[in-house]
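Examination of the molecular architecture
What follows is the residue order along each chain.
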Amino acid sequence: MSQSAATLSSAPPFDETVANPVVGIDQTAGNFSYKVDYEFDAGTGLYENTVRYISSVKKEAPWILEFRLNALKKFLSMPMPTHWATKDLENINFDKIRYYLSQGQKPKRTWDEVPDDIKRTFERLGIPEQERKFLAGVEAQFDSEAAYSNIKDIVAKQGVIFANSTEALREHPEIFRKFFGKVIPTGDNKFSALNSAVFSGGSFIYVPPGVKVAQPLQAYFRINAENFGQFERTLIIADEGAELTYMEGCTAPKFSTSTLHSAVVELVALKGAKIQYITVQNWSNNVFNLVTKRGVAHEEAEIKWIDCNIGSRLTMKYPGVILKGRKARGEVISIALANDGQHQDTGAKMIHAADETTSNIVAKSISVGQGRSTYRGIVHIPKHLKGCKNNTECDALLINTNSRTDTYPAITIRGDRNYVQHEASVSKINEEMIFYMQQRGLTEGQAMSLAVNGFINDLARQFPMEYSVELKRLIDLEMEGSVG
Amino acid sequence: MSSLVIQDLHVAIGAKEIVNGLSLTINSGEVHAIMGPNGTGKSTLSKAIAGHPDYTITGGDVLLDGVSILAKEADERARAGLFLAFQYPSEIPGVSIANFLRAAVQSRMAEGEEIDATGYYKKLYAKMDLLKIDRKFTARAVNDGFSGGEKKRCEILQMAMLEPKFALMDETDSGLDIDALRIVADGVNTMRGPNLGVLMITHYQRLLDYIVPDYVHVMWDGRLVKSGDKSLALELEAKGYDWVKKELAAAVTA
Ligand SMILES: Nc1ncnc2c1ncn2[C@@H]1O[C@H](COP(=O)(O)OP(=O)(O)OP(=O)(O)O)[C@@H](O)[C@H]1O
Ligand SMILES: [Mg+2]
C-alpha cells in the first residue's frame, strides 16, 4: 500500500459559475462534490495492511495498533445482525470501500490555511459563518481527517480540550486511554468493531470540573469521495459539574454507489455533569449510516441525545444512556424522516443501573412514500433498584398508504418499586387535512411540510434556535421534493 | 365586480353522480342561501368548486370572472379568491393558528415578498376582536381539540383574514350557540359588501334572520329545484321539504 495521489470523485464536476454563490446555511442539501487530491489513501478493501497503513500514517502508539488489529479480528468473526435487522445490510460490499482518505493528519487552525479545494465545500455548507455567529468551537472533518479545528480562546483558557481523535491520541494519551472504548466495547456490535479497527477523525472533548461551556461546540462531517467509508470516533468527557452542548452535522454528495458512515460516539458525564449531544444529519440516500452512540451518566449527571435523522439509505442508530450513578438522568429525543427508498431504523437504550435514575424517550418518525421507519427501544430496570422512572413515547406519522412503520419497544422492568409509562401512536396526514390547507392557499408541498413540522413542533422547540431553523428547512426541502 | 358562474355542473364520487346538472350565478355583493335535505349534495357542491381531488367533475363548468377554474389545483383556486368554510374543518396538530394563517397570507404574496409581521398581527388581533375570539387562540393548534363552535368561529376568522372574493360557507351555523351565532353573523355582515359574494349552506332559518340572503335556493337530488327570495326560506320552514317534493312530483307528471 503506497501513498497515492489524485483520487477523484466520479461525481460530475461542479460548475461554480452556475451554482448559487450565496454562502450560508440556506444552501440546498449537500449534494455536490469538488475534485480533491488525496495525499493519503489506504486503497480499496479491508485487510490487516489497511489497518496498519492507517495506524502508521497517524504515527500511533503500539497499543492503538494492537487495539485496531484486535478489533479487525472481531469484526471479521462477527455475523451481520440480519437475524433482527434488515437484509439490506447484506448489500454493503466491504471489499469495494475505501477506508482512509486524507490530505494530511493535522487540521488547520484558521480557515485561510485550509486548502482551497476543501475550504470551498465547507464555505458552501456555511460552516465558517455559523462558527462566527454562535459556536464556541468547530471541527470540520473531510473524509477521514479534520481539515479544520479551532476553539475560541476564551473557552480554551478554561481548560477545555477540543481536538480530533488523531491529535488527541498523540497529545492527551493518558486521559484518552482511560475512557476510550469503555462505554462501547469493541465487540458491542459488528459496526462498532469495524469502527474500532479503522477509526479516524471524530472529536475528543474534555471539559474540566465545574466549567460550563456557554456556546455549543460543533463538528461537521463531510463525505466527499465515492465508495468511501467514514469512521469517526468521538469521545466526550464532562468532568464533575461540567456542562457542554455538542452538535454535529453531516452531509455527503449523492453517488450511485453506496457510501458507508459508521461512527462510534462515547460520552462520559461525571458526577453532576451535563452533556447535550445534538445531531442533525442530512445524508444523501446512498449512505449506509450505522452508528453506535452511548453515554455513561454518573451520580446526578445528565445526558441528553437529540437525534434528527434525515436522509440516508439505511440508518441504524439507537443512542443510549447507562444510568450508572444515583439520580442520573438520561434522555433521547429522536426525529426520523424516511422518504422514498429510505429506511430509518432508530430508537433508544436506557440502562438503569442505580436507584432513583430517570429516563425519558420521545421518538417521532415520519414515513413518506415508500419510506420506512422502525423504532427499537430498550429500557432496562433491574429488580434490585428502587425509585427509577422511565417515560417512553413513540409517535409515527405516515404520509401515504405505502409507507411503513414498526415499533419494537422492549421494556424490561423488574420489581415493583419503579415506574414506567409507555405511549405510542400512529397518525396519518390524510387527504382531507392537505385539502384543507390547500384551500387556504398553500401548495401541496407547503401543506405537507407544515403538517410534518407541526408533528415534531413540540420537540423542535427544545433545540437551539439555529438548529430548529435548519431542521425546518431540511424538512421543507424533503417534503417539497416528495410531491409529484 | 366579480362573478362565480356554475354551469350545468355534474360531480361524481367514484361512479356515483352526486351533483346532477346544477347552475347558479353569484355576483359579488350577493348572498345566496342553499337549503336542502341531508345527503342531497350541498357539501359535495362546495368541495367540488373548491377543487377537492376526490370529486370528479363529469360535466359542466365553473367560471371565476369568466375563466374556468376546473383545471386549477385547490390552492390556485384559493389564491384566486375562493374560500370554503368547511362543514367539518380539519385539525392540524402542532401548527398554531398564527403560523397557519401567516403561511396562508404569505402564499398570496409575490415571490420574494415578505410578510410584515407587525401589520399581520395587528390585523389578526383586530379580526379576532371582531369575532370575540380570545387572543390566546393564536398559539393553539388549528382546530386541535376545539369545540364544534370554536372550529366554526375559527373558519370565519380565516375568512376575515384572507378576504376572498367568494366565500362558500357550509353549515357555518351548526354547532354555534345562540350568542356565537350572533357574533359570527355580525362578523359576516361586516365583511359583506360590494367585494364579497357568499354562498351559504344552511338547514336553519335562524341564520338567515341574522344574515339576510338576497336569494334562497332549494337543492334536491343534486340540483337546484326551486329559487326565490328570503321568503322561500320561511315557507320551507313552515311547510317542510315534503312540500317541495310534492311540487316536484306534480311538475314531472304534468
Ligand atoms: N367521499 C365520499 N364517498 C362516498 N360517498 C360520499 C362521499 N362524500 C359524500 N358522499 C355521499 O354523497 C351524498 C351527498 O353528500 P353531501 O355531503 O354532499 O350532502 P349534504 O347535502 O352536504 O348533506 P348534509 O346536509 O347532511 O351536510 C351523500 O349520499 C354522501 O353519503
Ligand atoms: Mg353537508
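Residues numbered from 1 in each chain as written. Chains lettered and ligands numbered in written order. Predicted model: local features only at pLDDT ≥ 70, side-chain atom pairs only at ≥ 80, totals over all residues. Heavy atoms only, no water.

1. Some details on the overall build of chain B
Along chain B, the regular secondary structure elements total nine helices and 10 strands. Its C-alpha atoms give chain B a radius of gyration of 18 Å, within 12% of the compact-globule value 18 Å for 254 residues. Taking the principal axes of the C-alpha coordinates as reference, chain B spans close to 65 × 40 × 35 Å. The burial tally for chain B puts 52% of its 254 residues in the buried class. Once local pairs closer than 6 in sequence are excluded, the contacts in chain B between residues at least 24 apart make up 68%. Counting only carbon and sulfur atoms, one obtains 50% of the accessible surface of chain B, whose full area is about 11300 Å². For chain B, the distance from the average position of its 28 positive side-chain charges to the average position of its 34 negative side-chain charges is 3 Å. (Helix = DSSP H or I, 4+ residues; strand = E, 2+ residues; numbered from the N terminus. Rg over C-alpha atoms; globule rule 2.2 N^0.38 Å. Buried < 20%, exposed > 50% of the residue type's maximum accessible area, 1.4 Å probe, protein only. Contact = heavy atoms within 4.5 Å. Areas by Shrake-Rupley, 256 points an atom, 1.4 Å probe, with all protein chains shown as cover. Lys, Arg positive; Asp, Glu negative; His and termini not counted. Charge placed at Lys NZ, Arg CZ, Asp CG, Glu CD.)

2. A word on helix α5 (residues 148-162) of chain B
All names here are of chain B. The end-to-end C-alpha distance of α5 is 22 Å, a good match for the 21 Å that 15 residues give at a rise of 1.5 Å each. Burial analysis of α5 places 13 of its 15 residues in the buried class, the great majority of the element. One or two residues past the end of α5 sits Glu163, with phi positive at roughly 45°. (Expected span 1.5 Å × (residues − 1).)

3. What to know about the site of ligand 1
Residues and elements named next belong to chain B. Around ligand 1 sit 14 residues, and of these Gly39, Lys42, Ser43, Thr44 and His203 come closest. Contact distances for ligand 1 include 2.9 Å between an oxygen atom and a side-chain N or O atom of His203. Protein coverage of the free-state accessible area of ligand 1, which is 630 Å², stands at 63%. Elements that contribute at least two residues to the shell around ligand 1 include exactly β2 (16-27) and α1 (42-50). At three residues, α1 tops the list of elements feeding residues into the shell around ligand 1. Of the residues that constitute the shell around ligand 1, the class distribution is three nonpolar, eight polar and three charged. (Near = heavy atom within 4 Å. Polar contact = N/O pair within 3.5 Å; in protein donor to acceptor, adjacent residues only side chain to side chain. Nonpolar A, V, L, I, M, F, W, Y, C, P; charged D, E, K, R; others polar.)

4. Points about the coordination of the magnesium ion (ligand 2)
Residues and elements named next belong to chain B. Looking at the magnesium ion (ligand 2), the protein donor atoms are Ser43 (OG) and Gln87 (OE1), and they sit 2.0 to 2.1 Å from it. Residue Ser43 is found in helix α1, and its partner Gln87 is found in the loop between β6 (82-85) and α3 (97-107); the two are separated by 44 residues along the sequence. Among the residues examined, Gln87 registers a relative accessible area of 16% and is labelled buried. (Donors = N, O, S within 2.8 Å, 3.2 Å for Na, K, Ca; no water.)

5. Focus: the packing of aromatic side chains
Residue and element names in this part refer to chain A. Within the structure shown, the criterion is met by 23 aromatic pairs over all chains. Where Tyr246 meets Tyr277, the ring centres are 4.8 Å apart and the plane angle is 40°; that geometry is what we call tilted. Separated by 31 residues along the polypeptide, Tyr246 in strand β10 (residues 243-251) and Tyr277 in strand β13 (residues 274-283) bring together distant segments of the chain. Here Tyr246 and Tyr277 have matching classes, each one buried. Considering the side-chain rings of Tyr277 and Trp305, the 4.9 Å spacing of their centres and the 50° angle between planes classify their relative orientation as tilted. (Phe/Tyr/Trp six-rings, centres within 6.5 Å; stacked < 30°, edge-to-face > 60°.)

6. Remarks on unusual backbone geometry
Residues and elements named next belong to chain B. Positive phi values are uncommon outside glycine, yet Asp8 reaches one of about 40°. Relative to the helices and strands, Asp8 is located in strand β1 (residues 3-13). Overall, the relative accessible area of 42% leaves Asp8 in the partly exposed class. With a phi close to 60°, Asn143 is a non-glycine residue in the positive phi region.

7. Here's the deal with the sheet that holds strand β20 (residues 358-367) of chain A
All names here are of chain A. Across the sheet, 10 strands lie side by side as β4-β3-β7-β10-β13-β15-β18-β20-β22-β24; this open sheet has mixed pairing. Because the sheet does not close on itself, it has two edges, and the strands there are β4 (145-151) and β24 (419-428). Each strand axis lies, on average, 5° off the axis of its neighbour in the sheet, ignoring direction. Here strand β18 (residues 329-338) pairs with β20 via 10 bridges, running parallel. Looking at the pairing, Val332 lines up with Ile361 of β20. Against the sheet, helix α10 (residues 444-460) engages β18, β20, β22 (389-398) and β24, with an angle of about 170° to β20. (Pairing = 2+ DSSP bridges. Axes fitted to C-alpha atoms, helices over the stretch in contact; angles between N-to-C directions.)

8. Re the pattern of salt bridges
Residues and elements named next belong to chain A. Taken as a whole and judged by the stated rule, the model has 35 salt bridges over all chains. Glu145 is the salt-bridge partner of Lys58, the closest N and O atoms lying 2.7 Å from each other. Here Glu145 lies in strand β4 and Lys58 lies in the loop between α1 (48-57) and α2 (62-77), a separation of 87 residues in the sequence. Each member of the pair, Lys58 together with Glu145, is buried. For Arg326, the salt bridge identified is with Glu299, shortest N-O distance 4.0 Å. Of the two residues, Arg326 sits in the loop between β17 (320-323) and β18 while Glu299 sits in the loop between β14 (287-297) and β15 (302-311), which places them 27 residues apart along the sequence. Residues joined by salt bridges that share partners form a network here, namely Glu248, Lys293, Asp307 and Lys317. (Salt bridge = Lys/Arg side-chain N within 4 Å of Asp/Glu carboxyl O.)

9. Observations regarding the state of the cysteines
Residue and element names in this part refer to chain A. For the structure on display, the rule yields zero disulfides over all chains. Lacking any disulfide linkage, Cys250 is separated from the closest cysteine sulfur, that of Cys308, by 11 Å. Relative accessible area serves as the criterion here: at 4%, Cys250 is assigned to the buried category. We note that Cys388 lacks a disulfide partner, and the nearest cysteine sulfur, in Cys394, lies 20 Å from it. The exposure class of Cys388 is buried, given its relative accessible area of 1%. (Disulfide = S-S within 2.5 Å.)

10. A closer look at the sheet that holds strand β4 (residues 55-64) of chain B
With antiparallel pairing, the four strands of this open sheet are ordered in space as β2-β1-β4-β5 (chain B). Two strands close off the open sheet at either side, each with one partner strand: β2 and β5 (67-68) of chain B.

11. So, the interface of chain B and chain A
Taken together, the contact between chain B and chain A spans 32 residues of the former and 16 residues of the latter. Both sides of the chain B and chain A interface together cover about 2000 Å² of buried area, and 61% of this is carbon and sulfur. With its nearest N and O atoms 2.6 Å apart, the salt bridge here joins A:Arg440 to B:Glu155. In this assembly, chain B and chain A are joined by 15 residue pairs in polar contact (both at pLDDT 80 or more). Sorting the residues of the side of chain B that touches chain A by element identifies α1, α2 (74-79), β6, α3 and α5 of chain B as the ones contributing at least two each. Partitioning the side of chain B that touches chain A into residue classes produces 17 nonpolar, seven polar and eight charged. (Buried area = accessible area lost by both parts, 1.4 Å probe.)

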